[in-house]
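# Coordinates in review
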2 protein chains.
Amino acid sequence: MKHLIIASTSTVFGGAPLDYILDALTELYKNTDTILFIPYARPGGISHEEYTNNIQLVFNKINKKVVGIHEFESPTEALQEAKGIYVGGGNTFVLVSQLYKSNCINTLKEVVLKGTPYLGTSAGSNICGLTMSTTNDMPIVYPPSFKTLGFVPFNINPHYLDPIGGNTHMGETRETRIKEFHHYNTPPVVGLREGSWIEIKGDTMLLKGPLKAIIFEYKKTPFEIETGTSLKDIK
Amino acid sequence: MKHLIIASTSTVFGGAPLDYILDALTELYKNTDTILFIPYARPGGISHEEYTNNIQLVFNKINKKVVGIHEFESPTEALQEAKGIYVGGGNTFVLVSQLYKSNCINTLKEVVLKGTPYLGTSAGSNICGLTMSTTNDMPIVYPPSFKTLGFVPFNINPHYLDPIGGNTHMGETRETRIKEFHHYNTPPVVGLREGSWIEIKGDTMLLKGPLKAIIFEYKKTPFEIETGTSLKDIK
């Protein structure tokens with residue numbers, strides 16, 4: 001049975017990484033003691049090793065061993081053998097480039113659709129959408145494609161940020177950017193605020209966490225959904 | 001003689017479009033009554049026609065006629081015949097895609113290096129750098145390359161935004177993003193705050209406007225430069 005947690009962020013303000021979601025992770029990873037971590041997004045450019053070590057410290061809290069995919073000679077074999085996968089945040093362009101370069105995109109998709117539990121945060125959630133075209137990240141490297149895993153039939157905007165009242169900056173708001181996306185693309189976009197996540201279990205897909213999410217559909221007025229709402233009709 | 005104005009934004013808070021820079025534009029375009037406008041970046045997804053009409057209203061103030069490049073059968077011929085060029089802001093991915101698609105990149109570079117006066121704002125300034133990799137825009141379309149015009153031997157970050165004190169949002173600051181850029185790329189990045197511009201006249205290249213700019217060099221601590229400073233050593 002498919003089981004995915006697609007989270008807006010690893011860390012909510014004032015909290016430790018993944019603390020707000022540890023109960024859900026205990027359940028997600030209940031059948032494995034070891035988690036395959038994909039550190040390719042390299043937040044702040046840190047090394048795969050350092051990033052993996054940081055994540056091990058977090059997973060110590062739920063008694064899980066973390067192994068980095070970079071430690072394996074064959075990343076695709078590592079994916080095939082994994083009993084639980086976590087793709088961490090950082091830069092989505094760097095993540096997607098490395099997933100293509102290491103030939104992981106198709107295998108990652110296959111194993112997760114077959115039932116390997118998957119956690120994504122931030123960039124690791126963005127790639128669960130149809131394309132990475134609603135990332136907030138800077139295009140610091142050029143990936144071979146913007147096409148991503150398509151675990152959901154829409155795009156994700158993680159770290160969704162509401163317009164800030166009284167802001168004097170003339171750059172685009174997040175809402176403006178997503179509306180621009182819909183001038184060139186038709187899939188819906190789910191704006192996930194920090195602290196929200198989508199949980200997919202078999203055929204169910206629910207919004208979780210304390211906050212509402214905002215849904216942008218092609219040529220429609222954006223609307224909010226309450227936590228606990230099914231996202232099965234967003235497509 | 002080369003003459004370029006590379007501006008952070010078209011509009012500063014509380015002002016009308018280009019108002020803060022009209023004197024400099026009168027000088028830039030002193031030898032022509034007609035300006036070729038490149039509306040490809042389509043802010044908010046507006047049409048080429050509507051965008052061009054909006055820009056005509058602005059240029060009425062300095063008695064210039066605006067023609068949109070989309071009105072010509074051959075965009076490259078339009079560029080070759082132009083006596084003044086303005087590339088407006090919007091989405092850099094859309095702009096760069098269309099510049100490649102319409103075969104304009106090389107011709108635009110050639111005519112500006114030969115002396116056709118050039119104004120860029122926002123996305124139109126970002127493309128004056130070596131690559132578009134320090135844009136703030138959302139990757140809503142996939143361009144054939146991130147390589148841009150290279151009128152300056154560095155990259156531009158328009159709408160540069162200082163970190164906001166007390167912000168609880170966990171997304172990356174602009175400074176963090178530019179530092180990530182330098183994990184994968186070596187060229188300097190000039191962060192242009194709204195209201196600043198770079199003016200290139202022949203062999204001179206100066207920071208203009210009321211504000212300082214921030215310079216990020218590979219493996220160095222970022223530093224500020226005062227308005228009036230030459231940028232010739234940033235490379």
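About the criteria used
Residues numbered from 1 in each chain as written. Chains lettered and ligands numbered in written order. Predicted model: local features only at pLDDT ≥ 70, side-chain atom pairs only at ≥ 80, totals over all residues. Heavy atoms only, no water. Helix = DSSP H or I, 4+ residues; strand = E, 2+ residues; numbered from the N terminus. Buried < 20%, exposed > 50% of the residue type's maximum accessible area, 1.4 Å probe, protein only. Contact = heavy atoms within 4.5 Å. Areas by Shrake-Rupley, 256 points an atom, 1.4 Å probe, with all protein chains shown as cover. Lys, Arg positive; Asp, Glu negative; His and termini not counted. Charge placed at Lys NZ, Arg CZ, Asp CG, Glu CD. Pairing = 2+ DSSP bridges. Buried area = accessible area lost by both parts, 1.4 Å probe. Salt bridge = Lys/Arg side-chain N within 4 Å of Asp/Glu carboxyl O. Polar contact = N/O pair within 3.5 Å; in protein donor to acceptor, adjacent residues only side chain to side chain. Axes fitted to C-alpha atoms, helices over the stretch in contact; angles between N-to-C directions. Arc of directions from axis to C-beta. Least-squares fit on C-alpha atoms with pLDDT ≥ 70 in both. Core = buried A, V, L, I, M, F, W, Y, C linked by side-chain atoms within 4.5 Å.

Per an unreviewed UniProt entry, chain A carries the name Dipeptidase PepE and comes from Bizionia saleffrena.

## What about the overall build of chain A?
The secondary structure content of chain A amounts to seven helices and eleven strands. Here chain A holds 235 residues, and the buried ones make up 57% of them. Pairs at least 24 apart in sequence give 68% of the contacts found in chain A among residues at least 6 apart. With an accessible surface of roughly 9600 Å², chain A has 50% of that area assigned to carbon and sulfur atoms. Side chains of chain A carry 22 positive and 23 negative charges; the gap between the two charge centres is 5 Å.

## As for the pairing of strand E1 (residues 3–7) of chain B
All names here are of chain B. Most of E1 sits inside the fold, with five of its five residues counted as buried. Summarising the sheet, E1 and strand E8 (residues 197–201) pair through five bridges and their orientation is antiparallel. Bridging from a neighbouring strand, Ala7 pairs with Trp197 of E8.

## Digging into the interface of chain A and chain B
Contacts between chain A and chain B engage 46 residues on the former and 46 residues on the latter. Summed over the three residues of chain A that lose the most area to chain B, namely Met138, Tyr142 and Tyr184 of chain A, the buried surface amounts to 20% of that side. Run the count over chain A and chain B and you get two salt bridges. Arg177 of chain B is the salt-bridge partner of Asp137 of chain A, the closest N and O atoms lying 3.6 Å from each other. Inspection of the region where chain A meets chain B yields 17 residue pairs in polar contact (both at pLDDT 80 or more).

## Section: the sheet that holds strand E4 (residues 85–87) of chain B
Residue and element names in this part refer to chain B. Pairing is mixed in the open sheet, where seven strands are placed in the order E3-E2-E4-E5-E1-E8-E9. Each edge of the sheet is formed by a strand with only one pairing partner; in this case those strands are strand E3 (65–68) and strand E9 (204–208). Strand-to-strand twist across the sheet, computed as the mean angle between neighbouring axes with direction ignored, equals 20 degrees. Both E1 and strand E5 (residues 118–121) contribute to a ladder of four bridges, which runs parallel. Counterpart to Ile6 in the pairing with E5 is Gly120.

## Section: helix H7 (residues 174–181) of chain B
Residue and element names in this part refer to chain B. For H7, the complete set of buried residues consists of Arg174, Arg177, Ile178, Glu180 and Phe181. All buried residues of H7 lie within an arc of 155 degrees about the axis, which places them on one face of the element. Summarising the contacts, the buried residues of H7 are in contact with strand E6 (155–157), strand E7 (189–191) and strand E10 (213–216).

## Overview of the relation of the copies chain A and chain B
The two chain copies are related to each other by a rotation about an axis together with a translation along it. The transformation that overlays chain A on chain B combines an axial shift of 0.0 Å with a rotation of 180 degrees, and the residual RMSD is 0.0 Å. Both copies of the chain, as the preceding transformation shows, are related through a two-fold rotation axis. Most of the interface of chain A is mirrored in chain B, where 100% of its interface residues are also at the interface.

## Some thoughts on the nonpolar core
Counting 98 residues, the largest nonpolar core has Ile85 and Tyr118 of chain A together with Ile85 and Tyr118 of chain B as its most contacted members. Broken down by element, this core gets its largest block of residues, five residues, from helix H4 (residues 92–101) of chain A. One finds Leu22, Tyr29, Ile35 and Val58 of chain A within the second-largest nonpolar core, a separate group that totals 21 residues.

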